[in-house]
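Single-letter residue listing:
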Amino acid sequence: MDADLRAPRIASKASLRWDAVRQKPILLYPEGVLILNPSAEAILSLCDGRRPVSEIVSELASRYGGDPVALETDVWNFLQELLDRGLLLCPDPKEK
Amino acid sequence: MPSTHAASTRLEKDAGKQPRALDLGFPFSLLCEVTFRCPLQCPYCSNPLGFAHALRDELDTAEWIRVLEEAAGLGVLQAHFSGGEPLLRKDLPEMIAAAHRFGLYANLSTGGTLLTSDLAHRLKEAGLGGFQLSIQDSRPESAEWAAGMRGSFAKKGEAARMARDAGLTLGINVVLHRQNLDRIEEIIALAESWGAERLELANSQYNGWALHNRRWLLPTRAQVERASEVASLAQERLRGKMEILFVIPDYYAAYPKACLHGWGRAFLTVSADGMVLPCQAAREITSLSFPNVREENLRDIWFHSAAFRRFRGTDWLPEPCQSCPRKEIDFGGCRCQAFLLTGDAGATDPACLLSPHHHRIEEALAEAETRETVSWSYRNPTESKRLSGVPCHPSAPSRAEPEPTP
């Protein structure tokens, strides 16, 4: 998939943090907060703007096992929701 | 400021299947109403009708910094600086820097007319995240008529540009009502052209000033239905470019909104004079007395004050709420609306179809379908003093005249 070459990163308006009071990872942004489960945190912490999605998927597959095809669908569903809301940016490498 | 804070701060507690983080008992969000002073006079302002009595006794810088530190220790993740016009506080960058230092995500809600390029850069350097600019309408004449300030429209356009140039994330907030709802396409186009990443289109909530001016503000059903369609098409068209939130008036919904996700559950407001409220409209509930940060710390107030415990959870709910399957969804609706329309803050929100007081809403809606011209009041200290102390149910206001702007 061509889109897999794109390397997502967290938008500057959002911030990935550890909430010391609730003891949970969170993504903070202007209008609210997402309290992350372990898989959401694992995905987001790999979104550094350098790793393409394909590499994020293979990293997660080697860490946690499971079917890579199903995993890729899950990762894309999660990323797409954040992309739609502008919390994640995914520049097309061809535009540079 | 727009009267839709509850709707604007979405709490999304399950990115994945999580235990319900809301039920851990810690607040997420603090609204800091740092001043009630404002150069604008919007007739739907979310400040209390009697704000003029609390103009002189503002918390000072050190008191606000203490509040922010206590809030962070209590689990608050976001601090929303609002007013009045928060840019009137010369120490705003200092307060935002403190919020940032305590790990809070700082947002600003402003009318924008007092922004300068230098101030925008200082706010950014202090760690401000979201910059939310209120606009009243899509055209200068009608926008300035609603705001009660000549020249405000162009200043807002400049503020949007200066905020973006300083690297701030621009959101635009618009309170929708009878007088601007038919220009919703133009309003969306304006927000696009000013470079907003997010547009909040929230219908006026009829508490305080907006309840007093309800006959002037309440739209017809046809207006609301048409605007909903326009908004949902724009949401599709602009997906990924500009996020659009559209909040319908609860008068036109079958069930009440889950006001603030429940009383004393996720949000708290600290007012200009230090009063601590579960929601910024709650000061209107004169049957409760609210604590003040000048007398107690925020943790004791949150967990132990009678006002915060009064409507927390669902045990206090009356019928028809107590046996209703929706009670964990809407918690009986808005306490302020219940108090203002029924005189009992513990009643079911009359916006609910099942409320024994729902006829109060139906009567207002029937009135909205008539075409007569009505008078209304600007939000300013003169009107505030005149109106506070009188019953809040819509009364016959004087003819609206804006106070002269300096």
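Residues numbered from 1 in each chain as written. Chains lettered and ligands numbered in written order. Predicted model: local features only at pLDDT ≥ 70, side-chain atom pairs only at ≥ 80, totals over all residues. Heavy atoms only, no water.

(A) Representation of the packing of aromatic side chains. Applying the stated criterion to the full structure yields eleven aromatic pairs over all chains. With centroids separated by 6.1 Å and ring planes inclined at 50 degrees, the aromatic side chains of Phe51(B) and Trp209(B) adopt a geometry described as tilted. Taken together, the residues span a long stretch of sequence, with Phe51(B) in the loop between strand 2 (29–33) and helix 2 (61–73) and Trp209(B) in helix 8 (residues 208–212) at a distance of 158 residues. Taking the relative accessible area as the measure of exposure, Trp209(B) reaches 0% and is therefore buried. Judged by centre distance (4.8 Å) and plane angle (65 degrees), the rings of Trp376(B) and Tyr378(B) are edge-to-face. Looking at Trp376(B), the relative accessible area reads 6%, which means it is buried. Among the aromatic residues, those joined into a ring-pair cluster are Trp145(B), Trp216(B), Trp376(B) and Tyr378(B). Positioned over the ring face of Phe28(B) is Arg22(A), at 4.0 Å from the centre of the ring. (Phe/Tyr/Trp six-rings, centres within 6.5 Å; stacked < 30°, edge-to-face > 60°. Helix = DSSP H or I, 4+ residues; strand = E, 2+ residues; numbered from the N terminus. Buried < 20%, exposed > 50% of the residue type's maximum accessible area, 1.4 Å probe, protein only. Lys NZ or Arg CZ within 6 Å of the ring centre and 35° of its normal.)

(B) How the structure looks around the sheet that holds strand 2 of chain B. Residue and element names in this part refer to chain B. Strand order in the open sheet formed by nine strands is 8-7-6-5-4-3-2-9-10, with mixed pairing between adjacent strands. Across the chains shown, the open sheet's two edge strands, defined by having one partner strand only, are strand 8 (243–247) and strand 10 (276–277). Across five bridges, strand 4 (residues 105–110) lies against strand 5 (residues 128–135) in parallel orientation. Across the sheet, the residue bridging to Leu 108 is Phe 131, located in strand 5. Along the sheet, helix 3 (residues 92–101) contacts strand 3 (78–82), strand 4 and strand 5; its crossing angle with strand 3, the most-contacted strand, is approximately 170 degrees. (Pairing = 2+ DSSP bridges. Contact = heavy atoms within 4.5 Å. Axes fitted to C-alpha atoms, helices over the stretch in contact; angles between N-to-C directions.)

(C) Up close: the pairing of strand 2 of chain B. Residues and elements named next belong to chain B. Taken across its five residues, strand 2 has five buried, putting it largely inside the fold. The alternating pattern of strand 2 places Ser 29, Leu 31 and Glu 33 and Leu 30 and Cys 32 on opposite faces, both of which are buried. Of the strand pairs in this sheet, strand 2 and strand 3 are connected by five bridges, and their pairing is parallel. Each residue of the ladder has a partner; that of Leu 30, found in strand 3, is Ala 79. Traced from strand 2 through helix 2 to strand 3, the parallel crossover comes out right-handed. Strand direction decides the pairing type here: strand 2 and strand 9 (residues 267–270), joined by four bridges, are parallel. Paired with Leu 30 across the bridge in strand 9 is Leu 268. (Right-handed = clockwise from strand over helix to strand, strands pointing away.)

(D) Representation of the nonpolar core. Core analysis: the biggest nonpolar cluster contains 123 residues, and Phe81(B), Leu115(B), Ile188(B) and Leu201(B) have the highest contact counts within it. Discounting residues that sit within four places of it in the chain, Ile188(B) has contacts with Leu199(B), Leu201(B), Val230(B), Ala231(B), Ala234(B), Arg237(B), Leu238(B), Met242(B) and Ile244(B). Core analysis: the next-biggest nonpolar cluster, separate from the first, contains 27 residues, Ile43(A), Val57(A), Trp76(A) and Leu83(A) among them. (Core = buried A, V, L, I, M, F, W, Y, C linked by side-chain atoms within 4.5 Å.)

(E) Molecular detail of the pairing of strand 4 of chain B. Residues and elements named next belong to chain B. When you tally the buried positions in strand 4, you get six out of six residues, the bulk of the element. Burial along strand 4 is two-sided: the residues Tyr 105, Asn 107 and Ser 109 and Ala 106, Leu 108 and Thr 110 are all buried. Note: strand 3 against strand 4, four bridges, orientation parallel. Of the residues in strand 4, the one forming a bridge with Ala 79 is Ala 106.

(F) Inspection of unusual backbone geometry at higher detail. All names here are of chain B. In this model, Gly 83 is joined to Gly 84 through a cis peptide bond whose omega is 5 degrees. Among the structural elements, Gly 84 can be located in the loop between strand 3 and helix 3. Note that the residue after Glu 319, namely Pro 320, is joined by a cis bond; omega there is 10 degrees. In this structure, Pro 320 sits in the loop between helix 12 (306–310) and helix 13 (327–330). Unusually for a residue other than glycine, His 261 sits at a positive phi of about 60 degrees. Mapping His 261 onto the fold places it in the loop between strand 8 and strand 9.

(G) Fine view of the pattern of salt bridges. For the structure on display, the rule yields 28 salt bridges over all chains. Asp48(A) serves as the salt-bridge partner of Arg51(A), at 2.8 Å between the closest nitrogen and oxygen. On the accessibility criterion, Arg51(A) (23% relative accessible area) is partly exposed. Taking relative accessible area as the criterion, Asp48(A) reaches 29% and is therefore assigned partly exposed. With a shortest N-O distance of 2.8 Å, Asp91(B) and Arg89(B) are connected by a salt bridge. The class for Asp91(B) is buried, based on a relative accessible area of 11%. One continuous salt-bridge network, built from bridges that share partners, spans Glu31(A), Arg198(B), Glu200(B) and Glu243(B). (Salt bridge = Lys/Arg side-chain N within 4 Å of Asp/Glu carboxyl O.)

(H) Broad picture of the confidence of the model for chain A. Chain-level pLDDT for chain A is 86 on average; 91% of the residues reach the 70-or-more range. Across chain A, element-level confidence peaks in strand 1 (residues 9–10) of chain A with a mean pLDDT of 94 and bottoms out in helix 3 (residues 68–84) of chain A with 88. (pLDDT = per-residue confidence, 0-100.)

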